[in-house]
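# Working through the structure, step by step
So you can see what is in the structure, the chains are spelled out below.
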Amino acid sequence: MTVESPVRTDLNVDGMTCAACANRIQRRLDKVDGVDAATVNFATGRATVMHDGSLDEMIFAAEVEALGYSVIDDGSGDEAEEAREADLRRRLSVAVVLAIPAMLISMIPGLRFGGWEWVVAVLAVPVILWSGWPFHRAAWMNLRHGSTTMDTLVSMGSLSALLWSSVVLIGDVGGGHIYFETGAVIVALILLGKWFELRAKRRSGDAIRALADLGAKTALLEDGREVALEDLAVGMRFQVRPGEKIATDGVVVEGRSAVDASMVSGEPVPVEVEPGDEVIGATVNANGALVVEATRVGADTALAQIIGLVDQAQGSRAEVQRLADRVSAVFV
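For the structure given in this document, a descriptive report is provided here. Computed from a prediction, not measured in an experiment: that's the story for all the values here. (Residues numbered from 1 in each chain as written. Predicted model: local features only at pLDDT ≥ 70, side-chain atom pairs only at ≥ 80, totals over all residues. Heavy atoms only, no water.)

### A word on the sheet that holds strand β9 (residues 257-260)
This is how the line gets drawn: Criterion used throughout: strands pair if DSSP finds at least two bridges between them. Helical segments are the DSSP runs of H or I of at least four residues, strand segments are the runs of E of at least two, and each set is numbered from the N terminus.
The antiparallel open sheet is built from three strands, whose spatial order is β10-β9-β12. Edge strands, defined here as strands with exactly one partner in the open sheet, are β10 (271-273) and β12 (284-285). Where β9 and β12 come together, two bridges link them in antiparallel fashion. Counterpart to D260 in the pairing with β12 is V284.

### Observations concerning the sheet that holds strand β1 (residues 7-14)
What counts here: A fitted line through C-alpha atoms serves as each axis, taken over the contacting stretch for helices, and the angle formed by two N-to-C directions is quoted from 0 to 180°.
Within the open sheet, the four strands sit side by side as β2-β3-β1-β4. Their pairing is antiparallel. Strand pairing shows two members of the sheet lacking a second neighbour, β2 (35-41) and β4 (70-72), which therefore form its edges. Shown here is a sheet whose adjacent strand axes are inclined to one another by a mean of 35°, direction ignored. As judged from the six bridges shared by β2 and strand β3 (residues 46-51), these two strands associate in the antiparallel manner.

### A closer look at the pattern of salt bridges
So the rule is basically this: Here, a salt bridge means any Lys or Arg side-chain nitrogen found within 4 Å of an Asp or Glu carboxyl oxygen. Per-residue accessibility, obtained with a 1.4 Å probe over protein chains only, is compared with the maximum for each type, and a residue is labelled buried under 20%, exposed over 50%, and partly exposed between these values.
In this structure the tally under the stated criterion is eleven salt bridges. A salt bridge links D223 to R225, with the shortest nitrogen-to-oxygen separation between them at 3.0 Å. A relative accessible area of 53% places D223 in the exposed class. The class for R225 is partly exposed, based on a relative accessible area of 48%. The closest approach of N and O atoms between E244 and R241, which form a salt bridge, is 2.8 Å. Residue classification places E244 among the partly exposed residues on the basis of a relative accessible area of 26%. One network of salt bridges, in which partners are shared, links D87, R90 and R91.

### Here we look at unusual backbone geometry
With a phi angle near 80°, A282 is a residue other than glycine that sits in the positive phi range. Position of A282 among the secondary structure elements: in the loop between β11 (278-279) and β12.

### Some remarks on the pairing of strand β13 (residues 290-296)
Two strands pair when backbone bridges link them, and strand β7 (residues 237-240) and β13 are joined in this way by four bridges, in the antiparallel orientation. Within β13, the residue paired with R237 across the bridge is E293.

### Focus on the environment of V120
Inclusion rule: Between two residues, a contact is recorded if the distance between any of their heavy atoms is within 4.5 Å.
Tracing the sequence through the fold places V120 in helix α4 (residues 116-131). As for V120 and A99, which are separated by 21 residues in sequence, their C-alpha atoms are 8.8 Å apart. In contact with V120, not counting residues within four places along its chain, are A102, I105, S106, F180 and E181.

### Structural notes on the packing of α4 against helix α6 (residues 150-170)
Convention followed: Here the word oblique covers every angle except those under 35 degrees (roughly parallel), over 145 (roughly antiparallel) and from 65 to 115 (roughly perpendicular). Crossings are sorted by hand: turned counterclockwise from the far helix by less than a right angle, the near helix makes the crossing left-handed, and turned clockwise it makes it right-handed.
At a minimum axis distance of 11 Å, the contact between α4 and α6 shows a crossing angle of 155°. Classified by the angle between their axes, α4 and α6 sit roughly antiparallel to one another. In this structure, α4 crosses over α6, and the sense of that crossing is left-handed. Between α4 and α6, the contacting residues are E117, W118, A121, V125, I128 and L129 on the first element and S158, L159, L162, L169 and I170 on the second.

### Describing a nonpolar patch on the surface
To keep it simple, the criterion reads: Residues qualify for a patch when their relative accessible area is over 30% and they have no salt bridge, like charges being joined within 9 Å and the nonpolar side chains of Val, Leu, Ile, Met, Phe, Trp and Tyr within 5 Å. Exposure was quantified through the Shrake-Rupley algorithm and a 1.4 Å probe, taking into account, for residues, occlusion by the shown protein chains and nothing else.
On the surface, V96, I100, M103, L104, M107, I108 and L111 cluster together to form a nonpolar patch covering roughly 570 Å² of accessible area. Within the secondary structure layout, I108 lies in the loop between α3 (74-107) and α4. Relative accessible area serves as the criterion here: at 40%, I108 is assigned to the partly exposed category.

### Description of the pairing of β1
One ladder, built from six bridges, connects β1 with β3; its direction is antiparallel. The residue of β3 that forms the bridge with N12 is R46.

### Re the side chain of H136
Stated formally: Definition of a polar contact: a pair of N or O atoms within 3.5 Å, with one able to donate and the other able to accept a hydrogen when the atoms are protein atoms, and with sequence-neighbouring residues admitted only if both atoms are side-chain atoms.
Counting through the fold element by element, H136 comes out in helix α5 (residues 133-144). Within polar-contact distance, the side chain of H136 engages the backbone oxygen of I128 at 2.7 Å. Not counting residues up to four positions away in its chain, the partners in contact with H136 are I128, L129, S155, S158 and L159.

### What to know about the environment of E57
Considering the arrangement of structural elements, one finds E57 in helix α2 (residues 57-66). Of the residues examined, E57 reaches a relative accessible area of 41% and is grouped as partly exposed. For the pair E57 and F135, spaced 78 residues apart in sequence, the C-alpha separation works out to 29 Å.

### Some words on the nonpolar core
Heads up, the rule is: In these notes, a set of buried Ala, Val, Leu, Ile, Met, Phe, Trp, Tyr and Cys residues joined through side-chain atoms within 4.5 Å is what counts as a nonpolar core.
Counting residues in hydrophobic clusters, the biggest one holds 26 residues, and the most contacted among them are V120, V127, F180 and L191. The set of elements that each furnish at least two residues to this core consists of α3, α4, α6 and α7 (180-212). Beyond its immediate stretch of four places on either side in the chain, L191 contacts L88, R91, L92, A95, S131 and F135. Among the nonpolar cores identified, the runner-up in size contains 23 residues, and M16, A22, A38 and F60 belong to it.

This is the structure we're talking about:
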């Protein structure tokens, strides 16, 4: 009796705001019948599910959406990330501009003046309510699903500071301290961390896109027709002129040349090839003309496998990250 190997399904999850979100989704997916193992990486926004093949992506998407998150495709993920970064930049700019003077006035007695508490309140309220709105919205959504995340802590902390300070200021509670600047600084610092985090995620995505851009986009067939790379099939023969990238993995059938394979091997010295030698897609033909017969196309090529391994490595979690995720879940 043969044992079928597990099937892998990758999902791009939108809406996660901390490691506790990733832990909730992972536990939910692990409980689905037929799932061998599920891994959710908050840093990359990706869920990887290993299952027996009887399940499809729609089932996993429904489980994720039941928790208040969404599953998006690769294209819309890039657009959503760009929109999120633009919105985050606006909210962070407002938070920094207003929170810094609020903090300075509150913390340095020499900068205080008559009615300074009202000025600090005017500076801090937009930061806590508008700049911090994504935290409040996420905290409310998570509470509706019976869970708490880091957004819950940020929202509770900043709103508690705002509410107490308002009672002290408006109610003229003698001897009471105000904490408007505390709520504003909390929001500003967390937004700053979110901005750094989003930039790091974009750089990791750029690395994969840069690898994908290494490949050729078209191939010139032996009969002179030019076809898109996705239309190239195993057994087709294509020409590679001097200075061009080899369209896909194959075997040289005509010509002799030197091929720059540094993209794969890291070796800067071009490799001499002749009929019968194997060549790798995306490497560069240095001088002579070649005719190559395609042996691997699409996801089977060496470049595609390299991209897959890099993507898989970015989607995996190191032991220290697993520990941090467990600690954060308990902390929240």
